[in-house]
Amino acid sequence: YLPGDKIIYSQVVYSDNGQKGQALFARASGGNQEEQITFNPGSYAGTSMLHDGRIISMNRSLTSELNKSNLMVMRPDGTKEMLFYKSEDQGQLISKGMETETGEIYLLEKNDEGLGKLFSISYNNPLKSRKLISEKVGGDFIGISPMVNGRLLVCYRKSKEASYGLFELDPRNMKLVRSVFNDPRYKTIEALVVEQHMVPKKIPSEVNMKEQTALLLCQDVNFLGFHQDTAMTKGAKAVKIEVLGLTSSLGTVDVEKDGSVYLKLKADTPFQLQTLNEEGEIVNGPSSWINLRPNERRACVGCHQGNEVVPANRQPLSVLKEPIQIPREPRLLAGKE
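Just so you know, these numbers come straight off a predicted model, no measurement behind them. (Residues numbered from 1 in each chain as written. Predicted model: local features only at pLDDT ≥ 70, side-chain atom pairs only at ≥ 80, totals over all residues. Heavy atoms only, no water.)

This part takes up the nonpolar core. In this structure, Val243, Val261, Leu265 and Phe271 are the most contacted members of the largest nonpolar core, which totals 19 residues. Broken down by secondary-structure element, the contributors of at least two residues to this core are strand 17 (213–218), strand 18 (240–244), strand 19 (248–254) and strand 20 (261–266). Listed in part, the 14 residues of the second largest apolar core include Leu108, Ile133, Ile144 and Met174. (Core = buried A, V, L, I, M, F, W, Y, C linked by side-chain atoms within 4.5 Å. Buried < 20%, exposed > 50% of the residue type's maximum accessible area, 1.4 Å probe, protein only. Helix = DSSP H or I, 4+ residues; strand = E, 2+ residues; numbered from the N terminus.)

Take a look at the structure:
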């Protein structure tokens, strides 16, 4: 449920190339007119809200590792979608992110033994703050729901031989405070606390369905981050950027001398980006799938890991010109029809 009178839910959809997935939709809680808000290939499920008004959803993308989901965050109209959390090593995300009244975010992952473990991540730096907090309790978790008193309602069992029961857990000292429901004849696999919670902020929407395009500005396609361990730091310089659709290239354009590029793209049409050198060889990419809603304005610093890096305070050369229209003359991708 969103602040106001709307709900967000997922349902099965088929892309233009016939691929099956699940997309997120919004509609008034008492109405029947729905609006699709995600268009990237893959599946969205397990959606909840952050206090800042954004929605957070489990997403299994076509470009991600097999059977691994990430947490994506976006505004309730589908704009400003970005990666929020990605599992490490052999971990497999099995629950949506749940924010408590005090701002902690909890989630569940299965380890390589198939046991569900409880983790916390920081709101300010979710990609680099993952912390295992269920080590003292052990056992197997499969469901969580925050309580107003700071505790968690959890679906938990001590071993694989036992049945899941419903327990109240204190995450500050990692103790099962009390058993709420624990009957070996039943497996309690989903928890939901029914009590008054903090109302998230209501974010105004920039989507204008009368528009058919959106704008994307990249400040420097050759910027990969400040850290030496950043992926793809080969030293090769990109001079072009290519926009890839589901089955074909949507166009290749030259970037400006400062590495910036300013694009005008068809809205609600998923795409990937890759950068090329003077010989047409790939320098970086392809990226994860990106989608822009009608009238959306999106900006990125460069091809970097994480979204905690702020841009330098300068005006990119590309914005001194009109944005380049995408798609251009399409050509088929290798191995695609």
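Moving on, we get to the side chain of glutamate 109. Its place among the elements puts glutamate 109 in strand 10 (residues 105–110). Here the side chain of glutamate 109 touches serine 87 through a polar contact of 3.2 Å, side chain to side chain. Setting aside residues no more than four positions away along its own chain, glutamate 109 makes contact with Tyr85, Ser87, Gly91, Gln92, Leu93, Ile94, Leu115, Gly116, Lys117, Phe119 and Arg130. (Polar contact = N/O pair within 3.5 Å; in protein donor to acceptor, adjacent residues only side chain to side chain. Contact = heavy atoms within 4.5 Å.)

For the coordinates displayed, the defined rule picks out 4 aromatic pairs. Both rings, one in tyrosine 9 and one in phenylalanine 25, keep their centres 6.1 Å apart while their planes meet at 15 degrees; by these two values the pair is stacked. Taken as a pair, tyrosine 9 in strand 1 (residues 6–14) and phenylalanine 25 in strand 2 (residues 20–28) lie far apart in primary sequence, 16 residues in all. On the basis of relative accessibility, which here comes to 6%, the residue phenylalanine 25 falls in the buried class. (Phe/Tyr/Trp six-rings, centres within 6.5 Å; stacked < 30°, edge-to-face > 60°.)

Moving on, we come to the pairing of strand 10. Taken across its 6 residues, strand 10 has 5 buried, putting it largely inside the fold. Summarising the sheet, strand 8 (residues 92–93) and strand 10 pair through 2 bridges and their orientation is antiparallel. When the sheet's bridge partners are listed, glutamine 92 is paired in strand 10 with lysine 110. In terms of strand pairing, strand 9 (residues 98–99) meets strand 10 through 2 bridges, oriented antiparallel. When the sheet's bridge partners are listed, methionine 98 is paired in strand 10 with tyrosine 106. Pairing analysis gives 6 bridges linking strand 10 to strand 11 (residues 116–121), with the strands arranged antiparallel. If you follow isoleucine 105 over to strand 11, its bridge partner there is isoleucine 121. Turn length for the strand 10-strand 11 hairpin, with the two strands adjacent in sequence and antiparallel, is 5 residues, and the turn residue glycine 114 shows positive phi of about 85 degrees. (Pairing = 2+ DSSP bridges.)

Below, the discussion takes up the sheet that holds strand 15 (residues 165–170). Read from one edge to the other, the open sheet built from 4 strands follows the order 13-14-15-16, with strand pairing classed as antiparallel. Both outer strands of the open sheet, strand 13 (140–146) and strand 16 (175–181), are each paired with one neighbouring strand and no more. Taken pair by pair, the neighbouring strands of this sheet meet at an average axis angle of 30 degrees, ignoring direction. Pairing geometry for strand 13 and strand 14 (residues 152–157), over 6 bridges, is antiparallel. What sits directly across from serine 145, in strand 14, is leucine 153. (Axes fitted to C-alpha atoms, helices over the stretch in contact; angles between N-to-C directions.)

Before going further, it helps to spend a moment on the sheet that holds strand 20. Strands sit in the order 23-17-20-24 across an open sheet of 4 strands; the sheet is mixed. The open sheet is flanked by strand 23 (297–300) and strand 24 (324–326), the only strands paired with a single partner. Pairs of neighbouring strands in the sheet enclose a mean axial angle of 25 degrees, with direction left out of account. Across 6 bridges, the pairing between strand 17 and strand 20 is antiparallel. From the neighbouring strand, leucine 215 faces strand 20, where its bridge partner is lysine 264.

Here the focus is a nonpolar patch on the surface. A cluster of nonpolar side chains, namely Val180, Phe181 and Tyr186, defines an oily patch on the protein surface of about 270 Å² accessible area. Here phenylalanine 181 lies in strand 16. (Patch = residues over 30% accessible without salt bridge, like charges linked within 9 Å, V, L, I, M, F, W, Y side chains within 5 Å. Areas by Shrake-Rupley, 256 points an atom, 1.4 Å probe, with all protein chains shown as cover. Salt bridge = Lys/Arg side-chain N within 4 Å of Asp/Glu carboxyl O.)

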